[in-house]
There are 2 protein chains.
Amino acid sequence: MSRSFDELLARVSECSKKKVAVAVAQDSAVLEAVEEARVRGIADAVLVGDAEKIAEIAKNDNIDINNFEVIDEKDNVAAARKAVELVHNGYADMYMKGLIDTKSFLKSVLDKEVGLRTDKTLSHVCVFELEGHEGLLFLSDVAFLPYPSLNDKVNIIRNTVEIAQAVGIECPKVAPLAAVEVVNPKMPCTVEAAELTRMNDEGEITGCVIDGPLSLDIAIDQEAAAHKGANGRKIAGDADILLFPDIHAGNLVYKTLTHLCKCKNGNILTGTKAPVILTSRSDSKEVKVNSIALGAIVAEKLR
Amino acid sequence: MSRSFDELLARVSECSKKKVAVAVAQDSAVLEAVEEARVRGIADAVLVGDAEKIAEIAKNDNIDINNFEVIDEKDNVAAARKAVELVHNGYADMYMKGLIDTKSFLKSVLDKEVGLRTDKTLSHVCVFELEGHEGLLFLSDVAFLPYPSLNDKVNIIRNTVEIAQAVGIECPKVAPLAAVEVVNPKMPCTVEAAELTRMNDEGEITGCVIDGPLSLDIAIDQEAAAHKGANGRKIAGDADILLFPDIHAGNLVYKTLTHLCKCKNGNILTGTKAPVILTSRSDSKEVKVNSIALGAIVAEKLR
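The structure reproduced in this document is the subject of the present report. Predicted, not measured: the structure shown is a model, and the values here were computed from it.

## A closer look at the interface of chain B and chain A
1) Next: Taken residue by residue, the interface counts 36 residues in chain B and 36 residues in chain A.
2) Next: Overall, the association of chain B and chain A removes approximately 2900 Å² of surface from exposure, summing both partners, and the carbon and sulfur fraction of that is 73%.
3) Next: By the criterion of area lost to chain A, the three top residues of chain B are B:His248, B:Leu252 and B:Leu260, representing 22% of everything that side buries.
4) Next: Put simply, chain B and chain A have 2 salt bridges between them.
5) Next: Across the pair A:Lys255 and B:Asp217 runs a salt bridge whose closest N-O atoms are separated by 3.7 Å.
6) Next: Taken together, the connections running from chain B to chain A amount to 4 residue pairs in polar contact (both at pLDDT 80 or more).

## Section: the packing of helix H2 (residues 28–39) of chain B against helix H11 (residues 285–302) of chain B
Residue and element names in this part refer to chain B.
1) Next: Here H2 crosses H11 at 50°, and the two axes come no closer than 9 Å. Classified by the angle between their axes, H2 and H11 sit oblique to one another. For the pair H2 and H11, the crossing hand works out as right-handed. Side by side, H2 and H11 meet where Ala29, Glu32, Ala33, Val34, Glu36 and Ala37 of the first sit next to Lys285, Lys288, Val289 and Ile292 of the second.

## Structural notes on the state of the cysteines
1) Next: Using the criterion set out here, one finds 1 disulfide over all chains in the structure.
2) Next: Bridging A:Cys261 to B:Cys261, the disulfide has an S-S length of 2.3 Å. Looking down the S-S bond of the A:Cys261 and B:Cys261 bridge, the torsion is -40°, so its handedness is left-handed. In this pair, A:Cys261 sits in the loop between helix H10 (247–260) and strand E10 (263–270) while B:Cys261 sits in the loop between helix H10 (247–260) and strand E10 (263–270), so the two residues belong to two different chains. The pair formed by A:Cys261 and B:Cys261 is uniform in burial state, with each residue classed as buried.

## Some words on the pairing of strand E5 (residues 123–130) of chain B
Residue and element names in this part refer to chain B.
1) Next: Among the 8 residues that make up E5, 8 are buried, leaving the element largely enclosed by the rest of the structure.
2) Next: On E5, burial covers both faces: Ser123, Val125, Val127 and Glu129 on one face and His124, Cys126, Phe128 and Leu130 on the other are all buried.
3) Next: Taken together, the 8 bridges between E5 and E10 define a ladder with antiparallel strand orientation. Its bridge partner lying in E10, valine 127 is registered against glycine 266.
4) Next: Where E5 meets strand E6 (residues 136–140), 4 bridges bridge the pair, whose relative direction is antiparallel. Within E6, the residue paired with cysteine 126 across the bridge is leucine 139.
5) Next: Between E5 and the antiparallel strand that follows it, E6, lie 5 residues; glycine 132 among them carries a positive phi value of about 85°.

## Some thoughts on the environment of B:Asp93
Residue and element names in this part refer to chain B.
1) Next: Examined against the element boundaries, aspartate 93 turns out to sit in the loop between helix H4 (76–88) and strand E4 (94–97).
2) Next: For aspartate 93, a relative accessible area of 18% puts it in the buried group.
3) Next: Through-space distance from the C-alpha of aspartate 93 to that of aspartate 44 is 9.9 Å; in sequence the pair is 49 residues apart.
4) Next: Those residues in contact with aspartate 93 that lie beyond four places of it in its chain are Lys17, Lys18, Lys19, Val87, Ala274, Pro275, Ala299 and Arg303.
5) Next: Within the structure, the side chain of aspartate 93 is placed 2.7 Å from the backbone nitrogen of lysine 19, a separation counted as a polar contact.

## As for empty space enclosed by the protein
To locate leftover empty space, one rolls a probe as large as a water molecule over the atoms.
Residues and elements named next belong to chain A.
1) Next: On inspection of all chains with the given rule, the structure shows 5 cavities of 30 Å³ or more.
2) Next: As a volume, the largest cavity reaches approximately 50 Å³.
3) Next: The wall of the largest cavity is formed by Lys120, Glu162, Ile163, Ile268, Leu269, Thr270, Gly271, Thr272, Ala274, Pro275, Val298 and Leu302.
4) Next: Only helix H6 (150–166), E10 and helix H11 (285–302) provide two or more residues apiece to the lining of the largest cavity.

## A short note on the packing of aromatic side chains
Residue and element names in this part refer to chain B.
1) Next: Summed over all chains, the structure comprises 4 aromatic pairs over all chains.
2) Next: Here tyrosine 95 and phenylalanine 105 contribute two aromatic rings whose centre-to-centre distance is 4.6 Å and whose plane-to-plane angle is 20°, an arrangement assigned as stacked. In this pair, tyrosine 95 is assigned in strand E4 and phenylalanine 105 in helix H5 (residues 102–109), connecting sequence segments 10 residues apart. Of the two residues examined, tyrosine 95 and phenylalanine 105, each falls in the buried class.
3) Next: Centroid distance phenylalanine 128 to tyrosine 254: 5.9 Å. Interplanar angle 65°. Geometry classified as edge-to-face. Of the two residues, phenylalanine 128 sits in strand E5 while tyrosine 254 sits in helix H10, which places them 126 residues apart along the sequence. The residues phenylalanine 128 and tyrosine 254 share a single accessibility class, namely buried.

## Quick look at the relation of the copies chain B and chain A
1) Next: For the pair chain B and chain A, the superposition axis carries a translation of 0.0 Å, the fit reaches an RMSD of 0.0 Å, and the rotation angle comes to 180°. Taken together, the rotation angle and the small translation identify this as a two-fold axis. Taking C-alpha positions as reference, the residue of chain B nearest the rotation axis is B:Ala249, located at 1.9 Å.
2) Next: Interface overlap between copies: 100% of the residues of chain B at the interface are likewise at the interface in chain A, consistent with a symmetric, same-surface contact.

## Focus on the pattern of salt bridges
Note on pairing: side chains with opposite charge can pair once their charged atoms come close.
1) Next: Enumeration according to the criterion identifies 47 salt bridges over all chains in this entry.
2) Next: B:Lys82 is the partner of B:Glu73 in a salt bridge, and the nearest nitrogen-oxygen pair spans 3.6 Å.
3) Next: For B:Lys82, a relative accessible area of 36% translates into the label partly exposed.
4) Next: Two residues, B:Lys234 and B:Asp201, come together in a salt bridge whose shortest N-O distance is 2.7 Å. Residue B:Lys234 is located in the loop between helix H9 (222–227) and strand E9 (241–243), and its partner B:Asp201 is located in helix H7 (residues 188–201); the two are separated by 33 residues in the primary sequence.
5) Next: Judged by its relative accessible area of 53%, B:Asp201 falls in the exposed class.
6) Next: Salt bridges sharing common partners tie together A:Glu181, A:Asp217, A:Lys228 and B:Lys255.

Reading the values: rules and limits
- Residues numbered from 1 in each chain as written.
- Chains lettered and ligands numbered in written order.
- Predicted model: local features only at pLDDT ≥ 70, side-chain atom pairs only at ≥ 80, totals over all residues.
- Heavy atoms only, no water.
- Contact = heavy atoms within 4.5 Å.
- Buried area = accessible area lost by both parts, 1.4 Å probe.
- Salt bridge = Lys/Arg side-chain N within 4 Å of Asp/Glu carboxyl O.
- Polar contact = N/O pair within 3.5 Å; in protein donor to acceptor, adjacent residues only side chain to side chain.
- Axes fitted to C-alpha atoms, helices over the stretch in contact; angles between N-to-C directions.
- Helix = DSSP H or I, 4+ residues; strand = E, 2+ residues; numbered from the N terminus.
- Parallel < 35°, antiparallel > 145°, perpendicular 65-115°, else oblique.
- Left-handed = near helix turned anticlockwise from the far one by under 90°.
- Disulfide = S-S within 2.5 Å.
- Buried < 20%, exposed > 50% of the residue type's maximum accessible area, 1.4 Å probe, protein only.
- Pairing = 2+ DSSP bridges.
- 1 Å grid on protein atoms, 1.4 Å probe; cavity = no way out; pocket = protein on both sides within 12 Å on 5 of 7 lines; lining within 4 Å.
- Points joined across faces, edges and corners; volume = space filled by probe spheres on them.
- Phe/Tyr/Trp six-rings, centres within 6.5 Å; stacked < 30°, edge-to-face > 60°.
- Least-squares fit on C-alpha atoms with pLDDT ≥ 70 in both.

Listed below in structure tokens is the structure:
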């Protein structure tokens, strides 16, 4: 079980070498991240895009382009299509966004012929290592599904449990979060949290322990949980997966962590045939490398 | 202008000495907080409740009860009514919750005869000093109003601006937060954020600058704001007030800050005739003392 990004990276080195296909790779930040991933033995990369521009950027960044496979395709949409097809066909193990808008990138992910669509709902998983908190935390959904329905939440949980299991947490604890820890009929997310808990109790959602609604302190702080007398609950400060009521709550907590707390993080899109790395331009190189490592771990599990 | 709790406490010492009336004061944590507030010259206290129990707890905590005015009233509801009346009549400057359930306490706050009700909406303001972030941040509403309507949000802003001004921020910058920084008709809170911004532009909400919808990074991180090209906005990393879409988003961010970040905080209920201190049992003594200090500053302004 990986309890930190260092442990997760160590775990990657035990897997067979993975390959990431990059859509529209002519981007300095992306090239630096895939170079770092290559040097650290996390994954090789196939760079699809404008070969001339890719070579020029690599030269400026002191990256030896000969260490990469490059496929020349100047049109962005065609480049994304080629890159995703490499993953679809099993030549590459994961798919990464380069200098292409998110909408076009997602269109390639969902392409019926060459994409990575499955019958699952797509969702976003963000993995955090936080200073002063033991173990990794899996947050969903902070970036992709705006107002998940109960059914979407079931799918988010299934997707996220799969990622947590890939990282070695056999039976992750899932906390459907709210401002309160009791069901309040006037707060729909608390009613849904209780329903998800019932579905888990009755075997409709398996491979995890669900206990909600939970406030954040009872979910992740054992001392606070004990203080509030939550010791009898299935989750008392030891949650692995935090399920958010909606994208606003999720994204605001995500940005609180990344901008105000000491943490490491990485994230992938899941519910796809292979892991999709959809980091944002503002993410640091470390976040991109962590995301590739997370993708590699998940790809190993999906093989 | 107070940019930290140390500065805020220094400011309190320049005000006339304030008095806090405590409802049902037979609680060790509350007595320790009012004793600390007394010793540090922040406020004196009138303790209403079971005088015998109050004396016993004080003795166990090495607090000299002779430094306090004690009013004996063994019935909790009657004690709250007596305590709030002291504030209503101007004998005390603020009202604090002791060992009484929140519902009964709020009932005393809203009592038409002796309570602190005004024509304003009640809302909760939490003030944070965060390591690595310059200046104080005012969060609302993280604890009281579950799903504020547009009109509620106008009132929350008016209440919170008053608190920020009491602390010395003449024209606070208000960020109505969301997961995104553009209006999306499918996300109601972004539409309301734009409407609040328009109301401010057209002079319907004054004494502040409102700019939303804003993601948290653009609201509070100047570097991120510059990176995302938000320099032309009225708020670019320099927000003072963070307005949350609903209580879940607000409370989850609040608990992320208090449980995972290095911070100081204090909070009061506002929209009342005098400040109301409604800290929770799990709040530390420091949070309670900070809240009394915040109440003292606001009471000075309301005189």
